[in-house]
Amino acid sequence: MITLYSGPLSLFARKVEIALREKGLAFERIMVPFNQTTGYDPKHPEVIALNPKRQVPVLSDCGFVLYDSTVINEYLDEAYPEPPLMPQSPVERALCRLDELYADEIMHQALKPLMHRTGPPSPDRDRRIAQEADALIAEEALAQHYEVLEQKLAGRAFFGGILSIADIALFMSVLFARRLGGPSLDGHPALAAWFAQLKQRPAFAQVVAEVAEADRRLSVPVALRG
Ligand SMILES: N[C@@H](CCC(=O)N[C@@H](CS)C(=O)NCC(=O)O)C(=O)O
């Protein structure tokens, strides 16, 4: 029995949901409380007990507990190899890990300054101005990331030879860039085609729909671009 502690607007937990569904694995999902004012506080007691970082996602596979979306998705790929979500050769696997890291650690730095947009506006006008100034700089960085991804894709269907954990992580970063009012994908035809094609897959479509529903319920509406 697989149990996943997830969050309605958790980019990282949603990565794991996509991997589980792409592999056709049944799982029980426990949604931890989240709101746009206090975030994940107060934290779910089982997340505190199971993850020293006190974060979602946490996954339990018949009592074997893991945390961190990257560690979890690699475990899932090894424990449940069909269909594979990583390529075969050491070089391709390393490149796949680097592409995932690009999403989670590099693009994510440019997503953070946009995140205030879905929360209640600060009562401090100077702070609001500073936040939006930082967001505009981050949007430029995101547009540059799109260009890097466009070149990397070079018209292929996926970032590696097959649909992989890298596509899942990069999809979540692009989805969050879009929902946070970041740059449109116009001018990046390969990236736009890749994004549109992944959105058609049931595992990705479910996350897109549930994140949109969570935004309607929890978030301040953001003017979307493009
Ligand atoms: N590197 C971790 C990051 C996990 C993470 O940042 N989780 C967020 C939700 S998306 C969280 O639980 N934040 C609450 C906190 O950090 O206190 C992963 O890939 O799982």
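Quantities reported herein were computed from a predicted structural model and do not represent experimental measurements.

About the thresholds
- Residues numbered from 1 in each chain as written.
- Predicted model: local features only at pLDDT ≥ 70, side-chain atom pairs only at ≥ 80, totals over all residues.
- Heavy atoms only, no water.
- Helix = DSSP H or I, 4+ residues; strand = E, 2+ residues; numbered from the N terminus.
- Contact = heavy atoms within 4.5 Å.
- Salt bridge = Lys/Arg side-chain N within 4 Å of Asp/Glu carboxyl O.
- Pairing = 2+ DSSP bridges.
- Axes fitted to C-alpha atoms, helices over the stretch in contact; angles between N-to-C directions.
- Core = buried A, V, L, I, M, F, W, Y, C linked by side-chain atoms within 4.5 Å.
- Buried < 20%, exposed > 50% of the residue type's maximum accessible area, 1.4 Å probe, protein only.
- Domains from an automatic or database assignment.
- Buried area = accessible area lost by both parts, 1.4 Å probe.

Caption draft 1: Here's a closer look at the side chain of Asn73. Inspection of the secondary structure puts Asn73 in helix H3 (residues 69-79). Other than its neighbours up to four places away in sequence, Asn73 contacts Lys15, Val16, Ala19 and Ile165.

Caption draft 2: The pattern of salt bridges, seen in detail. One pass over the structure, following the stated rule, counts 16 salt bridges. Of the charged contacts in the structure, one is a salt bridge between Lys152 and Asp99, with a shortest N-O distance of 2.9 Å. Placement of the pair is Lys152 in helix H5 (residues 125-153) and Asp99 in helix H4 (residues 90-111), with a sequence separation of 53 residues. Each member of the salt-bridge network shares a partner with another, and the members are Arg14, Glu17, Arg21, Arg29 and Glu210.

Caption draft 3: View of the sheet that holds strand E4 (residues 64-67). Here we have 4 strands laid out as an open sheet, ordered E2-E1-E3-E4, and mixed in their pairing. Unpaired on one side and paired on the other, strand E2 (28-31) and E4 mark the two borders of the sheet. Across the sheet, the mean angle separating the axes of adjacent strands is 15 degrees when strand polarity is ignored. Relative to E2, strand E1 (residues 2-6) is paired through 4 bridges, and the arrangement is parallel. For Tyr5, the partnering residue across the bridge sits in E2 and is Ile30. Strands strand E3 (58-61) and E4 of the sheet are contacted by H3, whose axis makes an angle of about 135 degrees with E4.

Caption draft 4: Inspection of the side chain of Asp77 at higher detail. Assignment of secondary structure puts Asp77 in helix H3. Once you skip the residues sitting within four places of it in the chain, Asp77 turns out to touch Lys23, Pro83, Pro84, Leu85 and Met86.

Caption draft 5: Just the nonpolar core, in detail. Among the nonpolar cores identified, the biggest contains 55 residues, and Phe171 and Trp194 are the most heavily contacted of them. Of all the elements in the fold, those that place two or more residues in this core are E1, helix H1 (11-22), H3, H4, H5, helix H6 (165-179), helix H7 (189-199) and helix H8 (202-218). Looking at this core, the element that brings in the most residues is H6, giving 11 residues. Mapping this core onto the domain boundaries places at least three of its residues in each of domain 1 (2-79) and domain 2 (90-218).

Caption draft 6: Layout of the domain arrangement of the chain. According to the domain assignment, the chain contains domain 1 (2-79) and domain 2 (90-218). Taking the mean C-alpha position of each, domain 1 and domain 2 sit 20 Å from one another. Every contact between the two is made by 21 residues of domain 1 and, on the other side, 29 residues of domain 2. In total, about 2200 Å² of surface goes out of reach between domain 1 and domain 2, with carbon and sulfur atoms giving 63% of it. Between the two partners, domain 1 and domain 2, sit 6 salt bridges.

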